[in-house]
Amino acid sequence: GDCALVNSLNADCLENYETENIHIRLIGDGRCDDKTNTEVCGWDGGDCEAVNSLDPECFEGVEDPDWIGDGICDYYEDGYNTEICGWDGGDCEVANSLIPECVKMINDNWDYDKLGNGECDYDDDGYNTEACGWDGGDCLKYNDFVTSLDPICVESVDYPDQIGDG
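Small disclaimer: the values here were computed from a predicted structure and weren't measured. (Residues numbered from 1 in each chain as written. Predicted model: local features only at pLDDT ≥ 70, side-chain atom pairs only at ≥ 80, totals over all residues. Heavy atoms only, no water.)

**Comments concerning the overall build of the protein chain**
The test is simple: Every helix listed is a DSSP run of H or I at least four residues long, and every strand listed is a run of E at least two residues long, numbered separately from the N terminus. Exposed residues in this analysis have more than 50% of their type's maximum accessible area, buried residues have under 20%, and partly exposed residues fall in between, with area computed by a 1.4 Å probe over protein chains only. Calculation of accessible area relied on Shrake-Rupley with a 1.4 Å probe; when residues are assessed, cover is drawn exclusively from the protein chains displayed.
When helices and strands are counted, the protein chain shows ten helices and zero strands. Counting helices and strands in the order they occur from the N terminus, the protein chain gives α-α-α-α-α-α-α-α-α-α. When each of the 166 residues of the protein chain is scored for burial, the buried share is 31%. Accessible surface for the protein chain amounts to roughly 10,400 Å². Of this, 46% is attributable to carbon and sulfur atoms.

Following this line, the structure appears as structure tokens:
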């Protein structure tokens with residue numbers, strides 16, 4: 001159930017939770033949190049395993065170590081998207097695999113923040129292309145929907161994403 005992870009934690013972790021005002025919901029939430037990145041807390045319920053395996057020199061070269069492995073690729077931030085930091089704790093692996101070909105397609109209009117941000121940029125300068133991984137995966141659902149429509153319908157409207165949106 002919902003409490004299985006908490007119930008499996010070492011009693012010392014739970015004791016620290018009470019005395020140090022650590023929020024138990026931080027453990028196992030998918031983000032490595034410093035306060036619970038301890039052996040007794042199971043390295044934050046497993047959230048810190050990838051970060052803990054990085055070379056310690058990585059942490060000397062970044063401003064905020066909490067950004068490593070937080071699920072967001074800090075592509076333009078100094079030191080994060082480097083080999084020594086595990087490509088931002090794995091956060092930049094997909095983007096790095098797409099970027100060379102994608103940048104060639106988009107050229108001067110490149111905006112990394114649009115790629116894989118949860119919003120389909122179907123009409124923005126080439127993001128919704130195979131080279132850009134269909135906007136880092138953001139346009140997969142949209143593309144499936146549009147291909148199910150009559151092509152004449154899609155071509156005759158300015159915003160095909162608004163078809164059937166209520």
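That was the structure; now back to the text.
**What about unusual backbone geometry?**
Positive phi values are uncommon outside glycine, yet Trp 87 reaches one of about 55°. Here Trp 87 lies in helix H6 (residues 86-89). Note on Trp 87: relative accessible area 35%, which makes it partly exposed. The phi dihedral of Asp 135 is positive, around 60°, even though this residue is not glycine.

**Some details on the state of the cysteines**
Quick reminder of the rule: Here, a disulfide means two cysteine sulfur atoms that sit within 2.5 Å of each other.
Per the stated rule, a full pass over the model turns up two disulfides. Here Cys 58 engages in a disulfide with Cys 85; their sulfurs sit 1.8 Å apart. Given an S-S torsion of about 110°, the disulfide between Cys 58 and Cys 85 has right-handed geometry. Of this pair, Cys 58 sits in helix H5 (residues 56-60) while Cys 85 sits in the loop between H5 and H6, placing them 27 residues apart in sequence. Accessibility classification places Cys 58 together with Cys 85 in one group, the buried group. Between the sulfur atoms of Cys 120 and its disulfide partner Cys 139 the distance amounts to 2.0 Å.

**Some thoughts on helix H9 (residues 140-147)**
What counts, and what does not: Here, the arc refers to the directions that run from the helix axis to the C-beta atoms.
Among the residues of H9, Tyr 142, Asn 143 and Val 146 are the ones counted as buried. With its buried residues spanning 95° around the axis, H9 presents them on a single face. Residues of H9 that are exposed and angled more than 90 degrees away from the buried face: Lys 141 and Asp 144.

**Let's talk about the environment of Asp 44**
Heads up, the condition is: Here, residues are in contact when the closest pair of their heavy atoms is within 4.5 Å. Whenever a nitrogen or oxygen atom comes within 3.5 Å of another N or O atom, the pair is scored as a polar contact, on the condition that within protein one atom can donate a hydrogen and the other can accept it, and that pairs from neighbouring residues in sequence are kept only if both atoms are in side chains.
In this fold, Asp 44 is placed in helix H3 (residues 42-45). For the pair Asp 44 and Asp 29, spaced 15 residues apart in sequence, the C-alpha separation works out to 8.4 Å. Apart from residues lying up to four places away in sequence, Asp 44 is in contact with Leu 26, Ile 27, Gly 28, Asp 29, Arg 31, Cys 32, Asp 33, Thr 36, Asn 37 and Thr 38. A polar atom in the side chain of Asp 44 sits 2.6 Å from the side chain of Thr 36.

**Focus on the nonpolar core**
As a reminder of what qualifies: Take the buried residues of types Ala, Val, Leu, Ile, Met, Phe, Trp, Tyr and Cys, join any two whose side-chain atoms come within 4.5 Å, and each joined set is a nonpolar core.
The biggest cluster of nonpolar side chains holds nine residues, and these are Cys 32, Cys 48, Val 51, Leu 54, Cys 58, Val 62, Ile 68, Tyr 80 and Cys 85. Every residue in contact with Cys 32, bar those within four places of it in the chain, is listed here: Asn 37, Asp 44, Asp 47, Cys 48, Val 51 and Asp 66.

**Points about the confidence of the model for the protein chain**
The condition is simple: Confidence scores labelled pLDDT are given residue by residue by the predictor and lie between 0 and 100.
Residues of the protein chain with pLDDT of at least 70 account for 73%, and the chain-wide mean is 76. Put simply, helix H1 (residues 4-8) is where the protein chain has its lowest mean pLDDT, 57, and H5 is where it has its highest, 87.

**Points about the environment of Asp 158**
You can see Asp 158 is positioned in the segment after helix H10 (151-155). Residue class for Asp 158 comes out exposed when judged on its relative accessible area of 68%. Each C-alpha atom of the pair Asp 158 and Asp 123 lies 9.9 Å from the other, and the pair is 35 residues apart in sequence.

**Observations concerning the side chain of Asp 88**
As for its placement among the helices and strands, Asp 88 is situated in helix H6. Taking the relative accessible area as the measure of exposure, Asp 88 reaches 0% and is therefore buried. Setting aside anything within four residues of it in sequence, one finds Asp 88 in contact with Trp 67, Ile 68, Gly 69, Ile 72, Cys 73, Asp 74, Tyr 80, Asn 81 and Thr 82.

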